[in-house]
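Listed here are the chains, written in short residue letters.
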Amino acid sequence: GIDPATTALRVDVRPTPAPMGDAAPAGYVLDLAANWSQQEDEVLESQGIRIVCRKESLPQLEGVRIDFRDEAAGRGFAFDRPGPKRDAAEAQDAPPPTEDEVRSALEYVIDPEVGINIVDLGLVYDIAIEQRQVKLTMTMTTPACPLSEHIKQDAQHNVLARCPGAVGVQTELVWDPPWSPKMMSAQARQQMGWARE
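Residues numbered from 1 in each chain as written. Predicted model: local features only at pLDDT ≥ 70, side-chain atom pairs only at ≥ 80, totals over all residues. Heavy atoms only, no water.

### Digging into the nonpolar core
Line of reasoning, step 1. In terms of nonpolar packing, the biggest core is built from 27 residues, with Val-102, Leu-106, Ile-118, Leu-136 and Val-159 touching the most fellow members.
Line of reasoning, step 2. Taken together, the elements giving at least two residues each to this core come down to helix H3 (99-106), helix H4 (118-121), strand E9 (124-130), strand E10 (133-138) and helix H5 (148-162).
Line of reasoning, step 3. With four residues, H5 is the largest single contributor of residues to this core.
Line of reasoning, step 4. With near-sequence residues (within four places) excluded, Leu-106 lies in contact with Asn-117, Ile-118, Val-119, Val-124, Ile-127, Leu-136, Ala-155 and Val-159. (Core = buried A, V, L, I, M, F, W, Y, C linked by side-chain atoms within 4.5 Å. Buried < 20%, exposed > 50% of the residue type's maximum accessible area, 1.4 Å probe, protein only. Helix = DSSP H or I, 4+ residues; strand = E, 2+ residues; numbered from the N terminus. Contact = heavy atoms within 4.5 Å.)

As structure tokens, then:
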């Protein structure tokens, strides 16, 4: 029942909840659109495919790369958004960030589903700093976490906001080793009402 002559591929964002501001979208949308508007939508074409997105979403889609991945953790489309950056000259006024400073900044990143920061949850596997560039290796409690993109972007923005000596932040999500509750801090387990192991 879909007419290929009028149907487009819709790429869009799910808005971030109001209290979180506009730092990052809560997620992305990829769907077939039989109805779209030249007035409200930006219409593009890539490899013979018509693509539409709401004009108001364009700023949050700038630089986003869409890939199809077939991995052990699952298969599907992945949206990769470039990490935030700061002008290198501006960062020179502050000392380079330390691992402890980055970790402290990540304590402000809360997993909305459980209300605990990602450090105490054990989601941060590694922090590497090279020439003021910060690389975070992280995981999620499950590969199917619907808020993974939001958490990843929140981590990037918090590091940049709280570490003035950093010029950029990259985040890599990994699934090996898989996360387990044993990775949580004693404080986080206590907050969840679990006995210490």
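Moving on from the coordinates now.
### As for H3
Line of reasoning, step 1. Taken together, the buried positions of H3 are Val-102, Ala-105 and Leu-106. Considered in projection along H3, the buried side chains sweep an arc of 100° and stay on one side of the axis. (Arc of directions from axis to C-beta.)

### Considering the packing of aromatic side chains
Line of reasoning, step 1. For the structure shown, the criterion picks out zero aromatic pairs.
Line of reasoning, step 2. Positioned over the ring face of Tyr-108 is Arg-162, at 3.5 Å from the centre of the ring. (Phe/Tyr/Trp six-rings, centres within 6.5 Å; stacked < 30°, edge-to-face > 60°. Lys NZ or Arg CZ within 6 Å of the ring centre and 35° of its normal.)

### Re a nonpolar patch on the surface
Line of reasoning, step 1. Together, Ile-66, Phe-68 and Phe-77 make up an exposed nonpolar region whose accessible area comes to about 310 Å².
Line of reasoning, step 2. Tracing the sequence through the fold places Ile-66 in strand E5 (residues 65-71).
Line of reasoning, step 3. When its relative accessible area of 34% is taken as the criterion, Ile-66 is described as partly exposed. (Patch = residues over 30% accessible without salt bridge, like charges linked within 9 Å, V, L, I, M, F, W, Y side chains within 5 Å. Areas by Shrake-Rupley, 256 points an atom, 1.4 Å probe, with all protein chains shown as cover. Salt bridge = Lys/Arg side-chain N within 4 Å of Asp/Glu carboxyl O.)

### Some details on the pattern of salt bridges
Line of reasoning, step 1. Inspection of the entire model under this criterion finds six salt bridges.
Line of reasoning, step 2. Note that Arg-54 is salt-bridged to Asp-12, the shortest N-O span being 2.7 Å. Taken together, the residues Arg-54 in strand E4 (residues 49-54) and Asp-12 in strand E1 (residues 8-14) connect sequence positions 42 residues apart.
Line of reasoning, step 3. You can call Arg-54 partly exposed: its relative accessible area is 26%.
Line of reasoning, step 4. Asp-12 sits in the buried class, given a relative accessible area of 5%.
Line of reasoning, step 5. Put simply, Lys-135 and Glu-172 hold a salt bridge, and the shortest N to O gap is 3.5 Å. Pair noted here: Lys-135 is in strand E10 and Glu-172 is in strand E11 (residues 168-173), with a separation of 37 residues, a long-range link.
Line of reasoning, step 6. Given the relative accessible area of 38%, Lys-135 is considered partly exposed.
Line of reasoning, step 7. If you follow the salt bridges from partner to partner, you end up with Asp-12, Arg-54 and Glu-56 in one network.

### Notes on the sheet that holds strand E3 (residues 41-46)
Line of reasoning, step 1. Strands sit in the order E2-E1-E4-E3 across an open sheet of four strands; the sheet is mixed. Every interior strand has two partners, whereas the edge strands, strand E2 (27-33) and E3, have only one. Across this sheet, the average inter-strand angle for adjacent strands is 25°, counted without regard to direction.
Line of reasoning, step 2. Sheet analysis places E1 next to E2, joined by seven bridges and oriented antiparallel. Each bridged residue has a counterpart across the sheet, and for Leu-9 the counterpart in E2 is Leu-32. (Pairing = 2+ DSSP bridges. Axes fitted to C-alpha atoms, helices over the stretch in contact; angles between N-to-C directions.)

Read these as layout, nothing more, since geometry by itself doesn't imply function.
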